[in-house]
Amino acid sequence: MNIQSAEVATTENDEAWMRHALRLAQRAEMLGEVPVGAILVKDDHCLAEGWNSPIASNDPSAHAEINVLREAGLRIGNYRLVDTTLYVTLEPCVMCMGAIAHARVKRLVFGAYDPKRGAVCNALNLAEADFLNHKIAWQGGVLEAECSDILRAFFKLKR
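Numbering of residues starts from 1 in each chain and follows the order in which that chain's sequence is written. Under the rules for a predicted model, residues below a pLDDT of 70 receive no local features and side-chain atom pairs below 80 are neither given nor counted, while totals for whole chains, interfaces and linings still include all residues. Side-chain metrics rest on all non-hydrogen atoms present in the structure, leaving aside hydrogens and water.

1. A few points about the pairing of strand 4 (residues 107–112)
At step 1: When a residue's accessible area, from a 1.4 Å probe over protein chains only, is under 20% of the maximum for its type it is buried; when over 50% it is exposed; and in between it is partly exposed. In this description a helix means any DSSP run of H or I spanning at least four residues, a strand means any run of E spanning at least two, and both kinds are numbered starting from the N terminus. Burial analysis of strand 4 places six of its six residues in the buried class, which makes it a mostly covered element.
At step 2: With five bridges joining them, strand 3 (residues 85–90) and strand 4 adopt parallel strand pairing. Bridged to Y87 within strand 4 is V109.
At step 3: With strands facing away from the observer, any crossover in which the path from the first strand over the helix to the second runs clockwise is taken as right-handed. Handedness of the strand 3-helix 4 (residues 94–103)-strand 4 crossover: right-handed.
At step 4: Between any two strands, pairing holds if DSSP finds at least two bridges. Sheet topology places strand 4 next to strand 5 (residues 137–139); three bridges connect them, and they run parallel. Looking at strand 5, one finds that V109 is bridged to Q139.

2. Topic: the packing of aromatic side chains
Both the distance between ring centres and the angle between the ring planes are used here to describe each pair of aromatic rings.
At step 1: Classification of ring pairs rests on two measures: the distance between centres of Phe, Tyr or Trp rings, Trp counted by its six-membered ring, which must be within 6.5 Å, and the angle between planes, read as stacked under 30 degrees, edge-to-face over 60 and tilted in between. Within this structure, the stated rule accounts for four aromatic pairs.
At step 2: When the centroid spacing of 5.1 Å and the interplanar angle of 80° are considered together, the rings of F154 and F155 count as edge-to-face.
At step 3: For F154, a relative accessible area of 7% corresponds to the buried category.
At step 4: Of the residues examined, F155 reaches a relative accessible area of 29% and is grouped as partly exposed.
At step 5: Taken together, the aromatic side chains of F110, Y113 and W138 make up a single cluster linked through ring pairs.

3. Quick notes on the sheet that holds strand 2 (residues 45–51)
At step 1: An order of 2-1-3-4-5 is seen for the five strands of this open sheet, with the pairing classed as mixed. The open sheet has two edge strands with one neighbour each: strand 2 and strand 5. On average, each strand axis in the sheet is tilted by 15° relative to the strand beside it, whichever way the strands run.
At step 2: Any two residues whose heavy atoms approach within 4.5 Å at even a single point are treated as in contact. A fitted line through C-alpha atoms serves as each axis, taken over the contacting stretch for helices, and the angle formed by two N-to-C directions is quoted from 0 to 180°. Seen against the sheet, helix 3 (residues 64–76) touches strand 1 (37–42), strand 2 and strand 3 and runs at an angle of roughly 140° to strand 2.

4. Concerning helix 4
At step 1: Of all the positions in helix 4, only C96, M97, G98, I100, A101 and A103 are classed as buried.
At step 2: Structurally, helix 4 contributes buried residues whose contacts are with helix 3, strand 3 and strand 4.
At step 3: Looking one or two residues beyond helix 4, the residue adopting positive phi is R104, at roughly 65°.

5. Quick look at the packing of helix 1 (residues 14–30) against helix 5 (residues 144–158)
At step 1: Relative to each other, helix 1 and helix 5 sit at 10°, their axes nearing to 10 Å. Considering the angle they form, helix 1 stands roughly parallel to helix 5. Of the residues in helix 5, those touching helix 1 at M18, R19, L22, A25, Q26 and E29 are E146, C147, I150 and F154.
At step 2: Each residue is assigned to one of three groups, with Ala, Val, Leu, Ile, Met, Phe, Trp, Tyr, Cys and Pro labelled nonpolar, Asp, Glu, Lys and Arg labelled charged, and all others, Gly among them, labelled polar. Grouping the constituent residues of the contact of helix 1 with helix 5 by class yields six nonpolar, one polar and three charged. In these notes the angle categories are as follows: under 35 degrees is roughly parallel, over 145 is roughly antiparallel, 65 to 115 is roughly perpendicular, and the rest is oblique.

6. With respect to the pairing of strand 1
At step 1: Of all six residues that make up strand 1, five are buried, and the element is covered over most of its length.
At step 2: Taken together, the six bridges between strand 1 and strand 2 define a ladder with antiparallel strand orientation. Looking at strand 2, one finds that G37 is bridged to W51.
At step 3: Hairpin connection between strand 1 and strand 2: a loop of two residues separates the two successive antiparallel strands, and D43 in this loop has a positive phi of roughly 50°.
At step 4: Pairing of strand 1 with strand 3 involves four bridges; the strand directions are antiparallel. What sits directly across from A38, in strand 3, is V88.

7. Here's the deal with the packing of helix 3 against helix 4
For any two helices packed against each other, the geometry is given by the interaxial angle and the distance between the axes.
At step 1: Interhelical geometry of helix 3 versus helix 4 gives an angle of 25° and a closest axis separation of 9 Å. Comparing the axis directions of helix 3 and helix 4 gives the class roughly parallel. Considering the relative orientation of helix 3 and helix 4, their crossing is left-handed. Within the contact between the two elements, helix 3 uses E65, I66 and L69 and helix 4 uses M95, C96, A99, I100 and A103.
At step 2: By residue class, the composition of the contact of helix 3 with helix 4 is seven nonpolar, no polar and one charged. Crossings are classed by handedness, with left-handed meaning an anticlockwise turn of the near helix from the far one by less than a right angle and right-handed meaning a clockwise turn.

Spelled out as structure tokens, the structure:
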């Protein structure tokens, strides 16, 4: 199995970091944003954390993943975020997957799958795309029920 582009096993700390991302998703929800949270980790330390904020920032690119990548890049003074793991409560979209690849994130862990817009392994399979020169090891479904529930409840209230 090529772990550069295939689904990899969950590590011991994945659930703990995903719980942290879920708390960030709850923060987004309290602010009226779609409840998605993300955290970037290197050497078992948080480099950056964030949540969806396109409504508050009037910025369509202000997804949790983009916010985290921007913060981490500023914090370390480099747009290359090598040897990092990104935890996010929802399978990233095409925009976010492009940014994750360009940032050279080593590993992606997400909670809920997004069959309609997910760009890791659902609507698109960018984790396996030959045209990207960086492959990202990934694991989906970590705390999937909890991550799905917060999104489902949010949209149920909106409808």
